[in-house]
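A closer look at the structure
Now for the letters of each chain:
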Amino acid sequence: MTDNNHNCRAVSLVLLRHGESIWNKDNKFCGWVDADLADTGHQEAKTAGRILREKGFTFDVAFCSVLKRSVKSLNIVLDELDLHWIPVFKHWRLNERHYGALQGKNKAETAALFGEEQVKIWRRAYDVRPPPLEDSDPGWQGEDARYKFIDKRLIPRHECLKDAEQRILPYWHDVIFPKIKSGSRVLICVHGTSVRALLKYLNKVPEEEIIDLNIPTGIPLVFESDKDLSPVRHYYLADEAKVQAAIQKVADQGKARN
Ligand SMILES: O=C(OP(=O)(O)O)[C@H](O)COP(=O)(O)O
């Protein structure tokens, strides 16, 4: 859904997938790999911030993951909004889902090898994990300094949406939602799967429908809620054609010829 006539008073939450990363551009499965923003991603984040500013949005607190494409996008948006001063919380629980042994692989080549249907399942099924990283795989993030204080058993070797949801929702309940309840307007700038997990939870999207939900990069997703803070509607801050084209672009990344 898109909307250009939002009512700011009912908005306490905006979700945003970071701008396009270099690995998005190269069509590689990324997950917990710390890929940087592409130039186009910088531009998308800047545009997202500008649109939020022009439409009169402001925030009291912001959240991102510990991956630089999320952190940098949030910084760019806050710069556009001149909101450098608001508290920003970075948390590993908001990371993208872990893509396991698929990380670094090209999606179109993977689709040519295993079939588009299998790739769609790995990308979008609710509870099907991609193949895991081997114990000896140097691509496992367990030794990364940013996860130093986290129980190693919590550092995944692969994750499906359900796994990501189970690590993200405790943070939502313990930290993010209490801020909303106490009146804060919240911006969350994270990843495709983190947004899907939150959207699924907030809108009670059935498991069988989640397979067709794709999140475009760099387009703010606004949630309006009622007085009990239950979401009543959500919409992207862009015109319908732009949103649909961006969603299709994400969906098409799993095609064998891309
Ligand atoms: O790291 C990823 O997501 P992100 O770009 O939102 O951080 C994934 O590689 C996105 O790929 P997908 O759209 O096939 O799930």
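Refer to the preceding data block for the structure.
Every value quoted in this text rests on a predicted model; they were computed, and no experiment measured them.

1. Re the environment of W140
With respect to the helices, strands and loops of the structure, W140 is situated in the loop between helix 5 (116-124) and helix 6 (161-181). Residue class for W140 comes out buried when judged on the 20 C-beta atoms lying within 10 Å of it. Separated by 39 residues in the primary sequence, W140 and A101 place their C-alpha atoms 9.6 Å from one another. For W140, the contacting residues outside a window of four places in its chain are L133 and R157.

2. Topic: the nonpolar core
Grouped together as the largest cluster of nonpolar side chains are 42 residues, with contacts concentrated most on V14, V77 and C189. Looking at this core, the elements with two or more residues in it are strand 1 (11-17), helix 2 (39-54), strand 2 (61-64), helix 3 (68-80), helix 6, strand 4 (186-190), helix 7 (192-203) and strand 5 (221-225). If we ignore the near neighbours within four places in the chain, the residues touching C189 are L16, H18, A62, C64, S70, S73, L74 and V77. W23, C30, A111 and W122 belong to the second largest nonpolar core, which has 9 residues in total.

3. Points about helix 6
Between the first and last C-alpha of helix 6 there are merely 26 Å, a value that for 21 residues lags more than 12% behind the 30 Å anticipated at 1.5 Å per step. The largest bend in helix 6 comes to about 45°, at W172. Buried within helix 6 we find L161, A164, E165, R167, I168, W172 and I176. Next to the buried residues of helix 6 lie strand 2, strand 4, helix 7 and helix 8 (207-210).

4. Here we look at the site of the ligand
By nearness alone, 14 residues border the ligand, and C30, E96, R123, H191 and G192 come closest of all. Here the shell around the ligand is composed, by residue class, of 4 nonpolar, 6 polar and 4 charged.

5. Observations concerning the packing of helix 4 (residues 107-114) against helix 5
It is at 7 Å that the axes of helix 4 and helix 5 come closest, and there the two elements cross at 125°. One finds that helix 4 runs oblique with respect to helix 5. Contacts from K107, T110, A111 and F114 in helix 4 reach E116, Q118 and V119 in helix 5. Taken together, the residues that form the contact of helix 4 with helix 5 break down as 3 nonpolar, 2 polar and 2 charged.

What counts, and at which threshold
Residues numbered from 1 in each chain as written. Predicted model: local features only at pLDDT ≥ 70, side-chain atom pairs only at ≥ 80, totals over all residues. Helix = DSSP H or I, 4+ residues; strand = E, 2+ residues; numbered from the N terminus. Buried ≥ 20, exposed ≤ 12 C-beta atoms within 10 Å, placed from the backbone. Contact = placed C-beta atoms within 7 Å. Core = buried A, V, L, I, M, F, W, Y, C linked by C-beta atoms within 7 Å. Expected span 1.5 Å × (residues − 1). Bend = angle between axes of the 7 residues up to and from the residue. Near = placed C-beta within 6 Å. Nonpolar A, V, L, I, M, F, W, Y, C, P; charged D, E, K, R; others polar. Axes fitted to C-alpha atoms, helices over the stretch in contact; angles between N-to-C directions. Parallel < 35°, antiparallel > 145°, perpendicular 65-115°, else oblique.

By themselves, these are just geometric observations and shouldn't be taken as functional.
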